[in-house]
Amino acid sequence: MAPHTGGEPRMGGSCASAWPLGLIVSLFFLWGAANSLNDVLIRQFSKAFALRDWEAGLVQSAFYIGYFFGGLPAAKVAHEYGYRAAVTVGLCLFSAGSLLFYPVSRGGGSYGGLLCCLYLIAFGLAFLEASANPWVKLLGDLHRPNFGSVALNVAQSFNPVGALVGVGCGRWFILDGTELPASTVEGAESNAALSEHFEIIWRSCFGGRATSPEHPKEYREHEAALVGPPYVVMGLVVGAVACAFRCTRFPDTAASSQGAGGVKHSLSWTRLRTSAGRLVRNRSFGQGVLAQFFYVAAQVSVWSFIIRFVQFKVPGTDEKAAADFISISLCIFILGRFVASALMCVIQDCVLLRAYAVLAFGCCGIAARAGGRLGVAAVCATSFFMSMMFPTIFSLAISSLDDEDREVGASVVVMAIVGGAIAPPIMGAISDASSIAAAYWVPASCFIIVAAYAHCTHRQSVVGADDADHDDADADQEPGDVRAPIVFGHRSGQNEDEDVD
C-alpha cells in the first residue's frame, strides 16, 4: 500500500485497505460480546452467590466503573501515540481480564475477584471505544462531508452482532438450566438474623451466603466454575486480535500513528487541564455527555434484568428460554441500527434521535404497566429504538470539537458510560422493594432526558442555520448601507444574538 502523504486518513477502494479496516470494525464486535455477557453473568452470579437483585446489579457497576476510570488514560495514549497504540493497549487489558476469569472462578469462586476481572476488562474496553469511535467518524467525514454519523452507525452495527454471539455463548456454555429452589431463598432470608451489616459486606464482596445449608458448596462451585472457560476462549481471541493490530501495517495517517492534527506531541497534564477547561465551557458538548450518561444507564438497565423480567411476567419460564429474549432483543437492535442508518440519510440525526427516545420511553412504560407477553414484547421493542442512540449522541457530542480536543472529548464521552454502573443497582433496589416491572420506570425516565437533549440540539441547529442566513444577508448589503433595521429599540442583528444567548 502506498503511503498516504497528505497526513489524513483516506477511504481507499483497494483490496489492501480491507484488512486494516476489517480489524477496526472487529473491535465493535468484540466489545459487544463482552458487554452482552454481563446480562448472563447477572443471572449466573445470582445463583452461584445467592444475590439479591441490587447485589447482582453490581456486575454492571464494576464493569462501567472500569470504563469511567479508563477514559482519561485512553485519551493520553491516543493523543500521544495515536489510535492504533491505544487500541493495542486496550486489547491487551481486555485479554488479561478475560484470562483471569478462569483461576478466580475455581473452588467456588470469589464474587469480589470476578468483579475485579470485569473492571479490568472494561478498563481495556475504554481504550477501544475512545479510539475506534472517533477513528471511524473521522474516516467517514473524510470520505464525504457530514458522513461521519452514518459511518459510525454502520460500524456500530457490528456491535450488536457481537453482543448476539456473546449472549449465545453465555446461554449455551454458562447457563445450565439449574434453577434455585424456593427453599433456598427462604433459608437464605433467615440468615439475616446473624448481622445485617456483616451480611451485606460478606455477600457483596466475598460471594454470598457461604453457610446456607440449602445452597451446598458443590452447587456453588459448579455454577461459579461455568463462567471460566468461555472467558478464556474470549481472552485468547482478543489476544490474537491485539497481535494482528501490532503486526498490521496501517496507512501512514494522523489517526493511526500520530497525535491530534497529525503532529505527534505529548498530552501533558497541563495540556489535559487546558483541554478539559475548554470542554467544560462547551455547552453542547456538556449536554452530549449528560445525554450519553442517561442513555447508557437506560440501555444497561433494560438488558440487565431481561431474564428476571421474563420469568416474572411469564411464570414457569426457565432461564435458558428467558435468555432467548436477550437474543431476540439484540436481533431487533441490529435491525433498528440498519433502519436508523438508512433513515439518517434523509432525516436529521437529532430529529430521529428525539423520535426514537420518545418511543423508547413509551415501550418502557408499557413494560412497567402491562402484564404477560405484552410486557415482554414491549421490553424487546425498546431495543429497536435504542439502537441508534449511542453512536448518534457520540457523534453529536464531539462534532463541535477541534483536533486539539477530540481525543480528550471522546474519552470524556466514553467516561459517561459510568451511567451503566449507577442505574442497575437502583433498578435492583426498586425490584427488591416492589417488583421488577416497576423498576422499568428507571430506564423510562432516562429516555426522557435523551429526548430533551435531542430537542435542544435540534433547536440549536435551527438557530445556527438562521444565523448563517443573516450573515449571508449582511454580506449581500450595499457597501454604503451600514445600518440594520431597528426592531423594538434594537438593531435586528443585535436582537437575534441576544436571543441566542
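Anyway, here's the lowdown on the structure attached to this text.

## Notes on a nonpolar patch on the surface
So, step 1. A surface patch of nonpolar side chains, about 270 Å² in accessible area, is lined by Phe361, Trp441 and Ile448.
So, step 2. Considering the arrangement of structural elements, one finds phenylalanine 361 in helix H18 (residues 349–369).
So, step 3. By relative accessible area, which is 31% here, phenylalanine 361 ends up partly exposed.

## Quick look at the pattern of salt bridges
So, step 1. Evaluated as defined, the whole model comprises eight salt bridges.
So, step 2. Where lysine 76 meets glutamate 80, a salt bridge forms, and the shortest distance between an N and an O atom there is 3.9 Å. One end of the pair is lysine 76 and the other is glutamate 80, both in helix H3 (residues 58–81) and four residues apart, which spans about a single turn.
So, step 3. Looking at lysine 76, the relative accessible area reads 26%, which means it is partly exposed.
So, step 4. Among the ionic contacts, a cluster of salt bridges with common partners joins Arg43, Lys47, Asp176, Glu223 and Glu319.

## Quick notes on helix H12 (residues 228–247)
So, step 1. Taking 1.5 Å as the rise per residue, H12 with 20 residues should run 28 Å; its terminal C-alpha atoms sit 29 Å apart, in good agreement.
So, step 2. Within H12, the full set of buried residues consists of Gly228, Pro230, Tyr231, Met234, Gly235, Val238, Val241, Ala242, Ala244 and Phe245.

## Observations regarding the environment of valine 314
So, step 1. Take valine 314: it is sitting in the loop between helix H16 (306–313) and helix H17 (319–343).
So, step 2. In this structure valine 314 comes out as buried when scored by relative accessible area, which is 17%.
So, step 3. Spatially, the C-alpha atoms of valine 314 and valine 376 are 8.4 Å apart, while their sequence positions differ by 62 residues.
So, step 4. Valine 314 has contacts with Gly372, Arg373 and Val376, leaving out every residue within four places of it along the chain.

## What about the nonpolar core?
So, step 1. Grouped together as the largest cluster of nonpolar side chains are 138 residues, with contacts concentrated most on Phe45, Tyr67, Leu91, Phe101, Tyr295, Met389 and Tyr440.
So, step 2. Filtering out sequence-adjacent residues up to four positions away, leucine 91 remains in contact with Leu27, Leu30, Leu128, Val238, Val241, Ala242 and Phe245.

## Quick look at helix H8 (residues 158–173)
It helps to recall that an α-helix has 3.6 residues per turn; residues three or four apart then point in one direction.
So, step 1. Taking 1.5 Å per residue as the helical rise, H8 with its 16 residues ought to reach 22 Å, and the 22 Å between its terminal C-alpha atoms agrees with that figure.
So, step 2. Among all positions of H8, only Asn159, Pro160, Gly162, Ala163, Gly166, Val167, Gly170 and Arg171 are buried.

## Here's the deal with the packing of helix H15 (residues 283–304) against H17
So, step 1. Where H15 meets H17, the closest approach of the two axes is 11 Å, and the angle between their N-to-C directions is 140°. When H15 is examined against H17, the residues Tyr295, Gln299 and Trp303 are found in contact with a partner set consisting of Ser329, Leu330 and Phe333.
So, step 2. A breakdown of the residues in the contact of H15 with H17 according to their chemical character gives four nonpolar, two polar and no charged.

## Considering the packing of H3 against helix H4 (residues 83–99)
So, step 1. The interhelical angle for the contact between H3 and H4, taken along N-to-C directions, is 140°, at an axis separation of 6 Å. In this view, H3 runs oblique relative to H4, as classed from their interaxial angle. Across from Ala74, Val77, Ala78 and Tyr81 in H3, the residues of H4 making contact are Tyr83, Ala85 and Ala86.
So, step 2. By residue class, the composition of the contact of H3 with H4 is seven nonpolar, no polar and no charged.

Thresholds applied
Residues numbered from 1 in each chain as written. Predicted model: local features only at pLDDT ≥ 70, side-chain atom pairs only at ≥ 80, totals over all residues. Heavy atoms only, no water. Patch = residues over 30% accessible without salt bridge, like charges linked within 9 Å, V, L, I, M, F, W, Y side chains within 5 Å. Areas by Shrake-Rupley, 256 points an atom, 1.4 Å probe, with all protein chains shown as cover. Salt bridge = Lys/Arg side-chain N within 4 Å of Asp/Glu carboxyl O. Helix = DSSP H or I, 4+ residues; strand = E, 2+ residues; numbered from the N terminus. Buried < 20%, exposed > 50% of the residue type's maximum accessible area, 1.4 Å probe, protein only. Expected span 1.5 Å × (residues − 1). Contact = heavy atoms within 4.5 Å. Core = buried A, V, L, I, M, F, W, Y, C linked by side-chain atoms within 4.5 Å. Axes fitted to C-alpha atoms, helices over the stretch in contact; angles between N-to-C directions. Nonpolar A, V, L, I, M, F, W, Y, C, P; charged D, E, K, R; others polar. Parallel < 35°, antiparallel > 145°, perpendicular 65-115°, else oblique.

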